[in-house]
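# Coordinate analysis (summary)
The primary structure of each chain is shown beneath.
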Amino acid sequence: MPSVIVGSTGPFTGQSVVLGREPLSFGRKSDNGVVIVSPSASRLHAEILDEDAGFVLYDRDSRNGTFVNGQRVTRHVLRPNDSIRIGDETFLYEASDVMETVMDLSLLEVPRPSAADPGTLRVTVTGGGPVGLAFALALDELLPGRTAITVYDGRWTRKGSSVVWKDETQGNFRRQQVVTVQSRQYLALSEEVLDALFDDGGAYSEMWPVGPDSVDGRPPRNIRIAHIEDKLLDLANRRPSIRLVPKRFDAAEEQNRITREHVLVVAEGGRSHTREHYADRFGAADASIYSLDGEHLQDIVLGLRVKSKLPDPMSVLLTVSQNRFLLNSLRGEGFLNMRLTREETKSVIGIDPVRQVFEECIAARPCLMSRQEEDNEFRCPTHGTLFLPALLRGSPLWKEIRQGLSLFGVAEEDLSAITSFRLDMVQRPRFTAQLHRPTATAPGTYGFLLGDAANAIHFWPGRGLNSGLASATSLARSLSRAWRGKPLRDADFIRHEAAMSMLQYRHKSRAWNAMVTTDEQGVTRAIKDVIARSTEAGGGAAAGSAYASDESDLDALLDRMAEIRERLAPRMPGLPGDGELRSHLASIAPATLRTLRESGAWDTLIVGGEEADIDLFYQSDSPVFVPRPADPRNPAPVG
C-alpha cells in the first residue's frame, strides 16, 4: 500500500492523501494540498517532501507551530503511525512498509472499510443554501462512510468548532421569505431532516389546501427559508464526512483542487459565477423560448415584508383570484409580492440622502430596505440609501403599494421592509457536463447544475426551492447508484439528466403561465402589460370619476371569487362568504379593483398542478442496461 496522510480529527477526518514525489502542503490558503480551516493555522503552515531519508515534515515558519506526537518540530522524518497536529486538526501518517493489518483504524473514528469498499467519492458543492446542503446530507446518507464532501458559502462564518450563518452586522441579511414546500418534495427527505425541519409545529403552517400532487393527503407547508437554512447547516456541522468552508467558491482559484475531485455541484443560485466559468461545458442558455414579440420576458417583483391580520382562507382566496399581488406567509407574517409594470419598475430606486444621487441598489442587486425607527423611512443598510417612492408619499407606486396592503389587511405600520427580485426563464441545454477528463493523476471531474443555477425562479414563492430539492434528491440517488470507485461516465447520469429535463419543463410551464395571459380573442400578452393598461385606463389608484361609482369590476371580481371558492371549499374550510368579501373589498380604490379584475385569476390548474415525480426514474435498484451490440461474426442463436 502507498504511504498516505489520513485525517484523524477535524474536517478532514477519514479522508486520505497519497504521498508521492510532489510536495504536499498544509495551510489555510486554498491552493494547499490539504486546506486547514482552523484559524490558528498559517496560510502556508507545513509541508511534506520526499527525500532520501523518507518523507520529511517541515514547519514553514508557522505562527503556532507544527506538532508530531505532541512535540513541536521544525523538521521531522515521518515514521509509521506518527500523529501530526496542525492548528486544531490532526493527521495520521501510514507508511508504505506497514501491513494493512497493523493500521490502527480506531484512531480515525470511522468504520473499517471492507475489501469490497470502492473508495471515497470526493465532492465539492458551491453554495450552501437549502439545495446545496440538502444534496450534501442526502448523498452522505446514501453513501455512508464513502464520501468526502466540501461545501463552500461566503455567507457563513466560523463560531468555535461550528460554521454558522453571518448576521446583519457581518453584512448578511437572512432570507425571511416564506416558501411553500410541496409534500412530494418534503416527504422525499430523510427522517432526520424532516424531524429537524418540522419538529417544532410553530416553524411551519399548512396555509394552502391539499392539491392534486399532495402525497398521502398531506398539504403543502409554508416555512421560512432562514429556518430551513439554519436546520440544514446544523445537521451538516455534525456530519464528519461534510466539510464546511466559510468562503465564496472561486472557480479559477480552486481549479487545481477541483481536478482532484470526482464531482463539482453548482448550487449557487440563478446568478452563479461558477456556472458561467464553465459555460463552455454546460452550453449557452436560450432565452428566445421565453420571448414575446421578440422580447425576452422578465418580471420585476416588489417584496413587501408584512404582517397580515387576515385568516389564511381569506388570504388564499384573495391571492389566487388576481395576478397583481401574492401573499405567502407564516401565520400572517411573510412577504406580499407585487408584480410591477414597466413604468413602476423605473421607480424602484433608492436615493442617497447625503450625496443626493439616485441608486438602483434595490432593483439591481437586490437589497433589503428596512423601516427605521428614528425617521420611519426604509433604508438600505449596505448603501445607506432610502426607498424613494416611500419618501414621495404621493407617488403612484406608493399609492399602489398601500392598496396592496389594504387588500390583505396590513396596516401601513406593519410593512417593515421592502426588497425586489427579478424573474425570468431560460432554456438550458444540459445540466450535467464532464469538466475534466481522467488522467494518470486525476480521477475525472463531472459538474452538475442544481437549484436556481439550473432553473430560475418565478412568481410563485417556493417554486425554486421545490425544484431545487427535487434536483438535489435526483443527483444524490444517481451518484449513490453509479459510484463504484471507478471514473464516472455520462451514461451514469441518464436518469438524472432526464429528471432535470422534466423539472425544467414543469418549471417553464408554470413560469410562462405566471407571466403571460391569453384573452378571449387568442391574443397573448405579458401580465405586467395587462396591469399597466388597466391602471392607465383607471387613472391610478386614487382616481375619482364616474368610473368610481361603477361597481361592475367589484361584481365581476366577486363572481370570480365565488367560482374559485366553490372549487376550494372541499379542501379548505373557513372560506369567506359573499357578504364578507364585498365588505372587505369596499375599501379598495375602484381603479385598483379594475386592475385586479383585468389581471386575471391564477391558473391554479397549471401553477398548482402535479409536481414532477423523479421517483419515476429511480423505481428500480438495478442500473440502466444497454445491451452490447451483437458481434456479426458470432450471431446469436435463434430459438
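As shown above, the structure is provided for reference.
Treat the numbers as computed from the prediction; the structure is a model and nothing was measured.

This part is about the pattern of salt bridges. Summed over all chains, the structure comprises 35 salt bridges. Its salt-bridge partner being glutamate 261, residue arginine 122 comes within 4.0 Å of it at the nearest N-O pair. On the criterion of sequence distance, the pair formed by arginine 122 in strand S12 (residues 121-126) and glutamate 261 in the loop between helix H5 (255-258) and strand S20 (263-266) is long-range, its members being 139 residues apart. On the accessibility criterion, glutamate 261 (6% relative accessible area) is buried. Arginine 239 is the partner of glutamate 192 in a salt bridge, and the nearest nitrogen-oxygen pair spans 2.5 Å. On the criterion of sequence distance, the pair formed by glutamate 192 in helix H3 (residues 191-198) and arginine 239 in the loop between helix H4 (225-237) and strand S19 (242-245) is long-range, its members being 47 residues apart. On the accessibility criterion, glutamate 192 (34% relative accessible area) is partly exposed. Each of the salt bridges in this network shares a partner with another, and the network as a whole consists of Arg122, Lys247, Glu253, Glu254, Arg257 and Glu261.

Moving on: the sheet that holds strand S10 (residues 83-86). Within a sheet, neighbouring strands are paired by backbone hydrogen bonds and run either parallel or antiparallel to one another. Spatial strand order, S2-S1-S11-S10-S7-S8: six strands in an open sheet with antiparallel pairing. A single partner strand is all that each edge strand has here, and the edge strands are strand S2 (16-18) and strand S8 (71-73). In this sheet, adjacent strand axes meet at a mean angle of 30° when their direction is disregarded.

As for its placement among the helices and strands, arginine 158 is situated in strand S14 (residues 156-159). Spatially, the C-alpha atoms of arginine 158 and valine 245 are 8.8 Å apart, while their sequence positions differ by 87 residues.

With that settled, the discussion passes to the side chain of arginine 224. With respect to the helices and strands, the residue arginine 224 is situated in strand S18 (residues 221-224). No salt bridge is formed by the buried arginine 224. Its closest oppositely charged neighbour is glutamate 333, at 4.2 Å. Excluding its chain neighbours within four sequence positions, the residues that come into contact with arginine 224 are Gln176, Gln177, Val178, Leu330, Glu333 and Gly334.

Right, let's talk about the sheet that holds strand S13 (residues 147-152) for a bit. With mixed pairing, the six strands of this open sheet are ordered in space as S19-S13-S12-S20-S33-S32. Whereas interior strands pair on both sides, the edge strands pair on one side only; in this sheet they are S19 and strand S32 (432-436). Pairs of neighbouring strands in the sheet enclose a mean axial angle of 20°, with direction left out of account. Across four bridges, S32 lies against strand S33 (residues 445-449) in antiparallel orientation. From the neighbouring strand, glutamine 434 faces S33, where its bridge partner is tyrosine 446.

What characterises a pair of aromatic rings is the spacing of the ring centres plus the angle enclosed by the ring planes. Summed over the entire model, instances satisfying the criterion amount to nine aromatic pairs. Here phenylalanine 378 and tryptophan 398 contribute two aromatic rings whose centre-to-centre distance is 6.1 Å and whose plane-to-plane angle is 55°, an arrangement assigned as tilted. One end of the pair, phenylalanine 378, is in strand S29 (residues 378-379); the other, tryptophan 398, is in helix H12 (residues 396-407), and 20 residues separate them in sequence. The pair formed by phenylalanine 378 and tryptophan 398 is uniform in burial state, with each residue classed as buried. Between the aromatic rings of tyrosine 446 and phenylalanine 448, the centroid separation amounts to 6.5 Å while the plane-to-plane angle is 25°, which identifies the pairing as stacked. Like tyrosine 446, the residue phenylalanine 448 is buried in the burial classification. By the ring-pair criterion, three or more aromatic residues cluster together here, those being Tyr186, Phe198 and Tyr204. In this arrangement the basic side chain of arginine 221 is found over the ring face of phenylalanine 198, its NZ or CZ atom lying 4.6 Å from the centre.

In total, this model carries three cavities of 30 Å³ or more according to the counting rule given. The calculated volume of the largest cavity comes to roughly 80 Å³. If you go around the largest cavity, the residues you meet are Ala134, Val181, Tyr186, Leu189, Val193, Leu197, Phe198, Ile223, Ile228, Leu232, Leu465 and Leu469. Contributions of two or more residues to the lining of the largest cavity are made by H3, H4 and helix H13 (463-482). Ranked by residues supplied to the lining of the largest cavity, first place goes to H3 with three residues. Split into classes, the residues belonging to the lining of the largest cavity amount to twelve nonpolar, no polar and no charged.

What counts and how
Residues numbered from 1 in each chain as written. Predicted model: local features only at pLDDT ≥ 70, side-chain atom pairs only at ≥ 80, totals over all residues. Heavy atoms only, no water. Salt bridge = Lys/Arg side-chain N within 4 Å of Asp/Glu carboxyl O. Helix = DSSP H or I, 4+ residues; strand = E, 2+ residues; numbered from the N terminus. Buried < 20%, exposed > 50% of the residue type's maximum accessible area, 1.4 Å probe, protein only. Pairing = 2+ DSSP bridges. Axes fitted to C-alpha atoms, helices over the stretch in contact; angles between N-to-C directions. Lys, Arg positive; Asp, Glu negative; His and termini not counted. Contact = heavy atoms within 4.5 Å. Phe/Tyr/Trp six-rings, centres within 6.5 Å; stacked < 30°, edge-to-face > 60°. Lys NZ or Arg CZ within 6 Å of the ring centre and 35° of its normal. 1 Å grid on protein atoms, 1.4 Å probe; cavity = no way out; pocket = protein on both sides within 12 Å on 5 of 7 lines; lining within 4 Å. Points joined across faces, edges and corners; volume = space filled by probe spheres on them. Nonpolar A, V, L, I, M, F, W, Y, C, P; charged D, E, K, R; others polar.

Everything listed is a geometric property; what it means functionally is a separate question.
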